[in-house]
Amino acid sequence: MDRQTVKIHEKDKVGEVHIADEVIAIIAGLAATEVEGVAGMVGNFTGDLVEKLGKKNLAKGVLVDVGEKDVSLELSIIVDFGSSIPEVTNSVQEKVKSAVETMTGLEVDEINIRVAGVNVEK
């Protein structure tokens, strides 16, 4: 499997730094789940099956599109019942943008969020 990477730093005497798309997805997923009102992320069937087999997928529910110096993200989240969806999604966008830009040096172009469900369990 060929991993997608982005070169973020090149210096003749020291070397290069490449970041895999999966790393950016993990950063975004972890940042999103730290927001109050987010019950979890929604992945695809294969990812959910792998997680049931004991392997935690930290990039679950995150699609990454990396350009030359910028990145676009798409997140699928589950919101806790009673939470304000506009407030939660705005907080997710801000937190993910901050985390990705701080940790990678890439500029976040856009963060699209799909609310895939509501968690009613307490």
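That block above? That's the structure.
The structure presented is a predicted model; accordingly, all values stated were derived computationally and were not measured.

Trainee: Sorry, what's going on with the overall build of the protein chain here?
Mentor: Of regular secondary structure, the protein chain possesses three helices and six strands. Reading the protein chain from its N end, one meets helices and strands in the order β-β-α-β-α-β-β-α-β. The buried share of the protein chain, reckoned over its 122 residues, is 31%. Nonlocal contacts in the protein chain, meaning residues at least 24 apart in sequence, comprise 63% of its contacts between residues at least 6 apart. Carbon and sulfur atoms provide 50% of the accessible area of the protein chain, an area that totals close to 8100 Å².

Trainee: Looking at this structure, how should I read the environment of Glu101?
Mentor: The residue Glu101 is located in helix α3 (residues 85–104) in this model. Owing to a relative accessible area of 26%, Glu101 belongs among the partly exposed residues under this scheme. Spatially, the C-alpha atom of Glu101 lies 9.8 Å from that of Ile24, the residues being 77 residues apart in sequence. Ignoring anything within four residues of it in the chain, the contact list for Glu101 reads Leu106, Glu107 and Val108. Within the local environment of Glu101, its side chain forms a polar contact with the backbone nitrogen of Val108, the two atoms lying 3.0 Å apart.

Trainee: Sorry if this is basic, but what is going on with the packing of helix α1 (residues 21–33) against α3 here?
Mentor: Between α1 and α3, whose axes approach to 8 Å, the crossing angle comes to 140 degrees. Considering the angle they form, α1 stands oblique to α3. Our pair here, α1 against α3, has a crossing hand that is right-handed. Here α1 contributes Ile24, Ile27, Ala28, Ala31 and Ala32 to the contact with α3, which in turn contributes Val92, Lys95, Val96, Ala99, Val100, Met103 and Thr104.

Trainee: Would you mind showing me how to read α1 here?
Mentor: Turn by turn, an α-helix covers 3.6 residues, leaving residues three or four places apart pointing in a common direction. Under the 1.5 Å per step criterion, the end-to-end length of α1 is 19 Å for 13 residues, consistent within 8% with the ideal 18 Å. Among all positions in α1, only Asp21, Ile24, Ala25, Ile27, Ala28, Gly29, Ala31 and Ala32 are buried.

Trainee: Please explain a negative patch on the surface as it appears in this structure.
Mentor: A cluster of acidic residues, Asp65, Glu74, Glu107, Asp109 and Glu110, forms a negative patch on the protein surface. With three residues, strand β6 (residues 107–119) is the largest single contributor of residues to the negative patch. Within the secondary structure layout, Asp65 lies in strand β4 (residues 62–66). The exposure class of Asp65 is exposed, given its relative accessible area of 53%.

Trainee: I'm lost on the nonpolar core in this one. Help?
Mentor: If you look at soluble globular proteins, the nonpolar side chains tend to sit buried side by side. By size, the foremost hydrophobic cluster in this structure holds 25 residues, and its most contacted members are Leu73, Leu75, Val92, Val96 and Val100. The set of elements that each furnish at least two residues to this core consists of α1, β3 (38–41), β5 (70–80), α3 and β6. Broken down by element, the residue count for this core peaks at six residues, all from α1.

The rules we used
Residues numbered from 1 in each chain as written. Predicted model: local features only at pLDDT ≥ 70, side-chain atom pairs only at ≥ 80, totals over all residues. Heavy atoms only, no water. Helix = DSSP H or I, 4+ residues; strand = E, 2+ residues; numbered from the N terminus. Buried < 20%, exposed > 50% of the residue type's maximum accessible area, 1.4 Å probe, protein only. Contact = heavy atoms within 4.5 Å. Areas by Shrake-Rupley, 256 points an atom, 1.4 Å probe, with all protein chains shown as cover. Polar contact = N/O pair within 3.5 Å; in protein donor to acceptor, adjacent residues only side chain to side chain. Axes fitted to C-alpha atoms, helices over the stretch in contact; angles between N-to-C directions. Parallel < 35°, antiparallel > 145°, perpendicular 65-115°, else oblique. Left-handed = near helix turned anticlockwise from the far one by under 90°. Expected span 1.5 Å × (residues − 1). Patch = residues over 30% accessible without salt bridge, like charges linked within 9 Å, V, L, I, M, F, W, Y side chains within 5 Å. Salt bridge = Lys/Arg side-chain N within 4 Å of Asp/Glu carboxyl O. Lys, Arg positive; Asp, Glu negative; His and termini not counted. Charge placed at Lys NZ, Arg CZ, Asp CG, Glu CD. Core = buried A, V, L, I, M, F, W, Y, C linked by side-chain atoms within 4.5 Å.

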